[in-house]
Amino acid sequence: MTAPFLHIRGLRKDYGIVNAVKDVNLTVERGEFMTFLGPSGSGKSTTLYILAGFENPTAGDILLNGESLIATPSHKRNIGMVFQRYTLFPHLSVGENIAFPLKVRRWGKAAIDARVRKMLQLVRLEGFEDRKPAQMSGGQQQRVALARALAYDPPVLLMDEPLSALDKKLREEIQHEIRRIHQETEVTILYVTHDQEEALRLSDRIAVFSKGVIDQIGTGPELYADPATRFVAEFIGDSDFVTCRILSAKDGRADLSIGAGASISGVPVHGTAVAGGTAALMLRPERLSLRREAAREGTSGLSASVTDITFLGSSIHVAAAAPSGETISVRLPFGHEATSGLSRGDTVSLDFDPETAHVFCG
Amino acid sequence: MTLLTEPDNRTAAPRARSVRSRNFALTVPALVLLVVFFILPVVSLLLRSVMEPEPGLDNYRALLGSTTYLKIFLNTFSVSALVTIVTLAIGFPVAWALAIMPSRWASIVFAVLLLSMWTNLLTRTYAWMVLLQRTGVINKTLMGLGLISEPLPLVNNLVGVTIGMTYIMLPFIILPLYGVIRKIDPAILQAAALCGATRRQALTRILIPLAAPGMVSGALMVFVMSLGYFVTPALLGGTANMMLAELIAQFVQSLVNWGMGGAAALVLLIVTLTLYAVQLRLFGTARMEGR
Ligand SMILES: Nc1ncnc2c1ncn2[C@@H]1O[C@H](COP(=O)(O)OP(=O)(O)OP(=O)(O)O)[C@@H](O)[C@H]1O
Ligand SMILES: [Mg+2]
């Protein structure tokens, strides 16, 4: 069996009594775009900083092509990085910034010039060579930083929330650039963000961080369709949770009931389900259908009363209260027949395919 | 009615001007003070240098035409340059360490620095005399350890002046350098490291260029202050390397030759102002274009 391209094994980092990273395990394939997604303080940056060699792990190892990186100092790791803050060298021009890693590698002048030109072309900043960083916009500076980090063809590129200082429109524009550059260069990228949309747009796979561990690793659709924990379900896509009672559980499927409603069978279950215990049923607003009558026997539906209707352009958002009082959102396309004449206080039935719902226990 | 309640632009402009002139009036006492205590003495010295003992440039001719005096000028410049270099060499690592150490420790070091600055100059210079003299603590310790058999000549020579002046000048270079280094984002140095730069390359290619404005202004301050220093060279230096301030003191106190004293002082002033102008030119308005 060949060793994985990049292997993070049992990584742990303590700052005194603060446990920043608990136990991170991850393999990344060559050329993959892997995103670390998670809330603030979940240990994403710390993991990246250990990869860069700025921090030493308390325990664990990082293997690149089967060889440990831990003992190698930052300047010999040959890894590229784009930081959250602007880190261009302020006293050097754009061209000199991109040439810097090549100069310390003692490349010849002609080779450096050619490479700088190629990199500027890659990030579409031809003609900006002689500008100083202070004369560039934030987005341009980050593109130069990307060019500088890619100039020496690193096997791995780290990016720590490189777009968080930019406004939404510019952010989307540069996301497209990053995707294109990833495809053109085939560099392996580890990307940190806490913006799920950004993660979904860019990544091949996403590692969802929570409190110093990775809760789940998978492609965007996998995480959306099959979240392993309630945390992942909340983080990827929109979701509402309704308290339910487990009637029985077997082979990863559970039968359950909501309030006094009928039993719903065959819902995928996560965690240890105990018959008679309560659990949280996850429902996605776009996966519910709405009928204007009370729930019938024998359907996977629950009765709810409409509390709010919001028109959002292409879609209509209906908020309804379950018998337990919990709010469930339903998103319907504009003009959907069920919405015509719908008003607050109406009793409706919300139906869903048990396969698309998930129950989280404990 | 509206004119009374809402003053428009036409009335606002003269009002701003009148505020400015009233503010200027407030500075008049300070200006008078400046003229009486700083400008008048300098002007009178200038006048005496060209009027005494008789009108003409004889004093300047004597000063710049004699090898003895020229040697003193040269000595003044070389001692100041040496002190500046040594101060910079010690001050830069100290400022760098202060910038990256935990702020609680840094404030302790600053307290020590300031305390030494507030201690009487004469006291500090005598303290160095006690440490450096033939029978002083340093020589006794080194001899006690058997490292030397004869006491080292540490005072009444260039070594003594350099040590004493460097010590006094250090805060003047550490403070501006600290300010500049503190403003450099540590992530920039992390980026340099990931680009493949060794610590040495990061220092010479990134950190020092970024700290250059602080280094230049600190070095210039030290150099200029050293040019006119009197107490430390007088006490720790030898007769062989007299400095300009000592010469001026001799002209005025021993020889009562105000003409020559004034001429020497003026030469010093012109050199100082020239250096100041050069610094303003290089780092004054544009500073580093990058920031
Ligand atoms: N140098 C440090 N000293 C002490 N604690 C630290 C240090 N660096 C990080 N931490 C702590 O470690 C935890 C993880 O931090 P980390 O920066 O990895 O989070 P993150 O996932 O990158 O968050 P964000 O999205 O806010 O950047 C946090 O609780 C943080 O306070
Ligand atoms: Mg972070």
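In the block above lies the structure referred to throughout.
Residues numbered from 1 in each chain as written. Chains lettered and ligands numbered in written order. Predicted model: local features only at pLDDT ≥ 70, side-chain atom pairs only at ≥ 80, totals over all residues. Heavy atoms only, no water.

**Student:** Would you explain the interface of chain B and chain A in this entry?
**Tutor:** Size of an interface, as often reported, equals the accessible area lost when the parts are brought together. The partner chain A presents 26 residues to the 20 residues of chain B that form the contact. Taken over both partners, the interface formed by chain B and chain A buries close to 2,100 Å², and the fraction arising from carbon and sulfur atoms is 66%. The largest contributions to the chain B side of the interface with chain A come from B:L194, B:C195 and B:R205, which together make up 33% of the buried area. Where chain B touches chain A, the interface holds one salt bridge. Remark: the boundary between chain B and chain A carries four residue pairs in polar contact (both at pLDDT 80 or more). Mapped onto the side of chain B that touches chain A, the elements with two or more residues apiece are α9 (186–194) and α10 (199–227) of chain B. With seven residues, the top contributor of residues to the side of chain B that touches chain A is α9(B). Of the residues in the side of chain B that touches chain A, the class split is eleven nonpolar, five polar and four charged. (Contact = heavy atoms within 4.5 Å. Buried area = accessible area lost by both parts, 1.4 Å probe. Salt bridge = Lys/Arg side-chain N within 4 Å of Asp/Glu carboxyl O. Polar contact = N/O pair within 3.5 Å; in protein donor to acceptor, adjacent residues only side chain to side chain. Helix = DSSP H or I, 4+ residues; strand = E, 2+ residues; numbered from the N terminus. Nonpolar A, V, L, I, M, F, W, Y, C, P; charged D, E, K, R; others polar.)

**Student:** Would you explain the layout of surface pockets in this entry?
**Tutor:** Here the idea is plain: a probe the size of a water molecule rolls over the atoms and shows the empty space left. The volume enclosed by the largest pocket comes to roughly 680 Å³. Forming the boundary of the largest pocket are 20 residues, of which B:W96, B:L189, B:Q190, B:R199 and B:A202 lie nearest the centre. Mapped onto the lining of the largest pocket, the elements with two or more residues apiece are α2 (74–77) of chain A together with α4 (67–100), α8 (158–182), α9 and α10 of chain B. The residue makeup of the lining of the largest pocket, split by class, is 14 nonpolar, four polar and two charged. (1 Å grid on protein atoms, 1.4 Å probe; cavity = no way out; pocket = protein on both sides within 12 Å on 5 of 7 lines; lining within 4 Å. Points joined across faces, edges and corners; volume = space filled by probe spheres on them.)

**Student:** Quick question: what am I supposed to make of the sheet that holds strand β12 (residues 253–257) of chain A here?
**Tutor:** Each strand in a sheet pairs with its neighbour through backbone hydrogen bonds, running either in the same direction (parallel) or in the opposite one (antiparallel). Strand order in the closed barrel made by the five strands is β11-β12-β13-β20-β14 (chain A), with mixed pairing throughout. Taking the axes of each pair of neighbouring strands and ignoring which way they run, one obtains an average angle of 55° across the sheet. (Pairing = 2+ DSSP bridges. Axes fitted to C-alpha atoms, helices over the stretch in contact; angles between N-to-C directions.)

**Student:** Can you walk me through the sheet that holds strand β19 (residues 347–351) of chain A in this structure?
**Tutor:** Residue and element names in this part refer to chain A. The sheet built from five strands is open, its strands ordered β15-β19-β16-β17-β18 with antiparallel pairing. With partners counted over all chains shown, the strands left at the sheet margins are β15 (289–291) and β18 (327–333), one partner each. In this sheet, neighbouring strand axes are inclined to one another by 45° on average, regardless of whether the strands run parallel or antiparallel. With three bridges connecting them, β15 and β19 associate as antiparallel partners. Residue pairing across strands places L290 opposite L350, the latter belonging to β19.

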